[in-house]
Amino acid sequence: MSEQAIRKSKLIYWSSGIVSICGIIFEVLFGALGSYILGDGVKQYTLTISLFLTGMGIGASLSERVMKNLIITFIWIEFGVAIIGGFSSFTMFGITAFAPDGTDAFYLYLITFLVGALTGVELPILIRKANEIGVTLNKSTARVLFSDYAGGLVGGLLFVFLLRPQFGMVKSAFLVGCVNLIVALIVLWLFRKEIRSFLLHAIVGGAIGILLIAGLFFGEEMAFTFEQKLYHDPIIHMEESNYQKIILTHDQGDTRLYLDGSLQFSSADEYRYHEVLIHPAMGFAKSHENILILGGGDGIAAKEILKYKDVGKITLVDLDPAVIELAKTNRQLLKLNEGSLSNDKVEVLNRDAFQFLEGSDEWYDAIIVDLPDPNNESLNKLYTKEFYSLIRNHLKPDGTAMIQSTSPVFATEVYWTISKTVESTGLHVKNLHVDVPSFGNWGFVMASRKEIHLDKIEIPVSTRFLTTDMLLSLTDFGKDEDNEIINADGNMVELQPNTLIDPNLIQLYENAWKNY
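Bear in mind the structure is a predicted one, so any value in this text is a computation, not a measurement.

## Some remarks on helix 15 (residues 412-423)
For step 1, the next point in the chain: For helix 15, built from 12 residues, the straight-helix expectation of 16 Å at 1.5 Å per residue is met to within 8% by its first-to-last C-alpha distance of 17 Å.
For step 2, the next point in the chain: Most of helix 15 sits inside the fold, with nine of its 12 residues counted as buried.
For step 3, the next point in the chain: Turning to helix 15, its buried residues are Thr412, Val414, Tyr415, Trp416, Thr417, Ile418, Ser419, Thr421 and Val422.
For step 4, the next point in the chain: In the core, the buried residues of helix 15 are packed alongside helix 14 (385-393), strand 9 (395-404), strand 10 (428-436), strand 11 (440-448) and helix 16 (505-513).

## Observations regarding the packing of aromatic side chains
For step 1, the next point in the chain: By the definition in use, this model includes 17 aromatic pairs.
For step 2, the next point in the chain: When the centroid spacing of 5.7 Å and the interplanar angle of 85° are considered together, the rings of Phe98 and Phe226 count as edge-to-face. Remark: Phe226 occurs in helix 7 (residues 198-228) and Phe98 occurs in helix 4 (residues 88-98); sequence separation between them is 128 residues.
For step 3, the next point in the chain: Between Phe439 and Trp442, the ring centres sit 5.0 Å apart and the planes meet at 45°, which makes this aromatic pair tilted.
For step 4, the next point in the chain: With a relative accessible area of 17%, Phe439 lands in the buried category.
For step 5, the next point in the chain: Seen from the ring of Trp189, Arg192 lies directly overhead, with NZ or CZ sitting 3.9 Å from the centre.

## A few points about helix 14
For step 1, the next point in the chain: Those residues of helix 14 that sit buried are Phe387, Tyr388, Ser389, Leu390 and Ile391.
For step 2, the next point in the chain: In the core, the buried residues of helix 14 are packed alongside strand 5 (290-295), helix 12 (353-359), strand 8 (364-370), strand 9 and helix 15.

## Some details on the pattern of salt bridges
For step 1, the next point in the chain: Enumeration according to the criterion identifies 12 salt bridges in this entry.
For step 2, the next point in the chain: We note a salt bridge from Glu220 to Lys171, for which the minimum N-O separation is 3.9 Å. With Glu220 in helix 7 and Lys171 in helix 6 (residues 137-190), this pair connects stretches of sequence that are 49 residues apart.
For step 3, the next point in the chain: One salt bridge connects Lys303 with Glu304, and the closest N-O pair in it is separated by 3.8 Å.
For step 4, the next point in the chain: Lys303 sits in the buried class, given a relative accessible area of 12%.

## Topic: the state of the cysteines
For step 1, the next point in the chain: The final tally for this structure, using the stated rule, is zero disulfides.
For step 2, the next point in the chain: Residue Cys22 stays outside any disulfide, its sulfur separated by 10 Å from that of Cys178, the closest cysteine.
For step 3, the next point in the chain: Take Cys22: its relative accessible area is 4%, and that puts it in the buried class.
For step 4, the next point in the chain: Since its relative accessible area comes to 14%, Cys178 is described here as buried.

## Details of the sheet that holds strand 1 (residues 235-240)
For step 1, the next point in the chain: Ordered by their spatial adjacency, four strands build an open sheet running 1-2-3-4, and the pairing between neighbours is antiparallel. Either end of the sheet is taken by a strand with one partner, and the two such strands are strand 1 and strand 4 (262-266). Averaged over all neighbouring strand pairs, the angle between strand axes comes to 15°, with direction disregarded.
For step 2, the next point in the chain: Docked against the sheet, helix 10 (residues 321-329) engages strand 1, strand 2 (245-251) and strand 3 (254-259), running at close to 25° with respect to strand 2.

## Regarding a nonpolar patch on the surface
For step 1, the next point in the chain: Judged by side-chain polarity, Leu153, Leu157, Val160 and Phe161 come together as a nonpolar surface patch covering roughly 440 Å² of accessible area.
For step 2, the next point in the chain: By the element assignment, Leu157 lies in helix 6.

## Let's talk about the side chain of Asp233
For step 1, the next point in the chain: Secondary-structure assignment places Asp233 in the loop between helix 7 and strand 1.
For step 2, the next point in the chain: One buried charged residue, Asp233, forms no salt bridge at all, with the nearest opposite charge on Arg256 at 4.1 Å.
For step 3, the next point in the chain: The contact partners of Asp233, leaving out residues within four places of it in the chain, are Gln228, Thr249, His250, Asp251, Asp254 and Arg256.

## Re the sheet that holds strand 7 (residues 346-349)
For step 1, the next point in the chain: With respect to topology, seven strands assemble into an open sheet ordered 7-6-5-8-9-11-10, the strand pairing being mixed. Two strands close off the open sheet at either side, each with one partner strand: strand 7 and strand 10. The average undirected angle you get between the axes of adjacent strands in this sheet is 15°.
For step 2, the next point in the chain: As judged from the five bridges shared by strand 5 and strand 6 (residues 313-317), these two strands associate in the parallel manner. In the strand pairing of strand 6, Asn290 is matched with Lys313.

## A few points about unusual backbone geometry
For step 1, the next point in the chain: If you check the backbone angles, Ser197 has positive phi at about 55° while not being a glycine.
For step 2, the next point in the chain: Tracing the sequence through the fold places Ser197 in the loop between helix 6 and helix 7.
For step 3, the next point in the chain: For Thr406, which is not a glycine, the phi torsion comes out positive at approximately 65°.
For step 4, the next point in the chain: Mapped onto the secondary structure, Thr406 falls in the loop between strand 9 and helix 15.
For step 5, the next point in the chain: With a relative accessible area of 0%, Thr406 lands in the buried category.

## Observations regarding the environment of Arg392
For step 1, the next point in the chain: With respect to the helices and strands, Arg392 occurs in helix 14.
For step 2, the next point in the chain: Look at Arg392 and you get partly exposed, because its relative accessible area is 23%.
For step 3, the next point in the chain: With 19 residues separating them in the primary sequence, Arg392 and Ala411 have C-alpha atoms 25 Å apart.
For step 4, the next point in the chain: Those residues within four positions of Arg392 in sequence are excluded, and the remaining contacts are Thr425, Leu427 and Arg449.

## A few points about the pairing of strand 6
For step 1, the next point in the chain: Within strand 6, four of the five residues are buried, which leaves it mostly tucked inside the rest of the structure.
For step 2, the next point in the chain: At this point the chain moves from strand 5, through helix 9 (residues 300-305), to the parallel strand 6, and the crossover so formed is right-handed.

## Digging into the nonpolar core
For step 1, the next point in the chain: One finds Phe93, Leu294, Ile305, Ile367, Phe387 and Ile391 to be the most contacted residues of the largest nonpolar core, which totals 153 residues.
For step 2, the next point in the chain: Leu294 has contacts with Val317, Ala353, Phe356, Leu357, Ile367, Ile368, Val369, Asp370, Leu371, Phe387 and Ile391, leaving out every residue within four places of it along the chain.

## With respect to the packing of helix 4 against helix 7
For step 1, the next point in the chain: Two elements in contact, helix 4 and helix 7, have axes whose closest approach is 8 Å; the angle formed by their N-to-C orientations is 20°. Relative to helix 7, helix 4 is oriented roughly parallel. Handedness of the crossing formed by helix 4 with helix 7: left-handed. On helix 7, the residues that touch Phe90, Phe93, Gly94, Ala97 and Phe98 of helix 4 are Gly219, Met222, Ala223, Phe226 and Glu227.
For step 2, the next point in the chain: Its residues assigned to classes, the contact of helix 4 with helix 7 comprises seven nonpolar, two polar and one charged.

Rules used in this analysis
Residues numbered from 1 in each chain as written. Predicted model: local features only at pLDDT ≥ 70, side-chain atom pairs only at ≥ 80, totals over all residues. Heavy atoms only, no water. Helix = DSSP H or I, 4+ residues; strand = E, 2+ residues; numbered from the N terminus. Expected span 1.5 Å × (residues − 1). Buried < 20%, exposed > 50% of the residue type's maximum accessible area, 1.4 Å probe, protein only. Contact = heavy atoms within 4.5 Å. Phe/Tyr/Trp six-rings, centres within 6.5 Å; stacked < 30°, edge-to-face > 60°. Lys NZ or Arg CZ within 6 Å of the ring centre and 35° of its normal. Salt bridge = Lys/Arg side-chain N within 4 Å of Asp/Glu carboxyl O. Disulfide = S-S within 2.5 Å. Pairing = 2+ DSSP bridges. Axes fitted to C-alpha atoms, helices over the stretch in contact; angles between N-to-C directions. Patch = residues over 30% accessible without salt bridge, like charges linked within 9 Å, V, L, I, M, F, W, Y side chains within 5 Å. Areas by Shrake-Rupley, 256 points an atom, 1.4 Å probe, with all protein chains shown as cover. Lys, Arg positive; Asp, Glu negative; His and termini not counted. Right-handed = clockwise from strand over helix to strand, strands pointing away. Core = buried A, V, L, I, M, F, W, Y, C linked by side-chain atoms within 4.5 Å. Parallel < 35°, antiparallel > 145°, perpendicular 65-115°, else oblique. Left-handed = near helix turned anticlockwise from the far one by under 90°. Nonpolar A, V, L, I, M, F, W, Y, C, P; charged D, E, K, R; others polar.

Here's what the structure looks like:
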């Protein structure tokens, strides 16, 4: 082969690798978008991966119909991926804010399939072009596929460790779209002697570039206005951490924290939630020497515990350091948590709660489980028999645990499944619930190695809502929220404990909350 042919073939291999990097980034980006906006991360990633691969397969099949102008076809496909993929996140937030329910899911699955199909067309075309230049078929196929597979790994790593945490989903999409466009323009220039109307193609590419660059600099700000439509109050803080999207809103004295779109608390009534979460457990525990909080990165649970002057040490385990940093520095959160996370008695560890308990040899007087609801696989493991067994094994004989357990009204089967799962570890349980206006009726499961008598508990610290006399009333459940659940056939539903092997809670949770 001539030196020019060698240079062109090398460009083809590099192009296939970069195309693959961009393809895998879009694939996982679409999964992340679905997880954030539509919920149930496992379901969304499964659907997007399946649709993307199906699209690739159909695209590869259609590529055999491209009989001539291989390079022009490749360039225009790259133009298509650049504009569709680049505007994908931006458009998704716009549709979610303004379009009817269900439109966002349809759009997400459609663009996933389209980008997959376009990517599937590209690789066979590159193989055929390399062969046309003079590379033998076995070498062209092997080298293009190697670039494809290696590029997939690079793309995944880039999205997880650079793009999502540093640029967010909107800017990442525009940035990757720019990379696709650059590949198209480089190929256009190198093969310009083979291309008719070179200038026309260059002008189209330039126009797409202007749109993408405009999106890169201004798209996130516009998407922010779209996202603001999803929240009742003005957003005062928004960031993408390595683990979740953190939103803080504030209006007329009401501060609200959202993680991946789910409300964590409202300052207007959080005291109702946190007082029931903390004080029955602290009142029941014989000692307050060693307390463990799992979750609770906002610092409000720690503030309530610090009301007890005999507390020796509080260990707070929260996965996301970004939430901890926000709770330590944001003026609105500091007002709520009273600087609890900077107290000398509080030690903060950014660890996975499950892994922490597996590696710890400490025993605790009280364990407070203030974790987000089990709406995905990673959170579900923190609602399993295995996890609650770890909690049991770290409780002192006179200690107690209190577990937030979602709503017994909106998610009745979920609440009582959590209770049954805790009870299956051999712990004694007591079921409590309270009305929290911003959430609705909310449930808790109190657990101990010994039988729990609420009538013997006293609350000796200052509170805004909870009193000693009303503790027993928190155990009264109405007929539509108790554990006697009747199915559509009129039969009693037999609930099974949630385990790592049989994670039945995720589907129960999705079914319960889909209409709310």
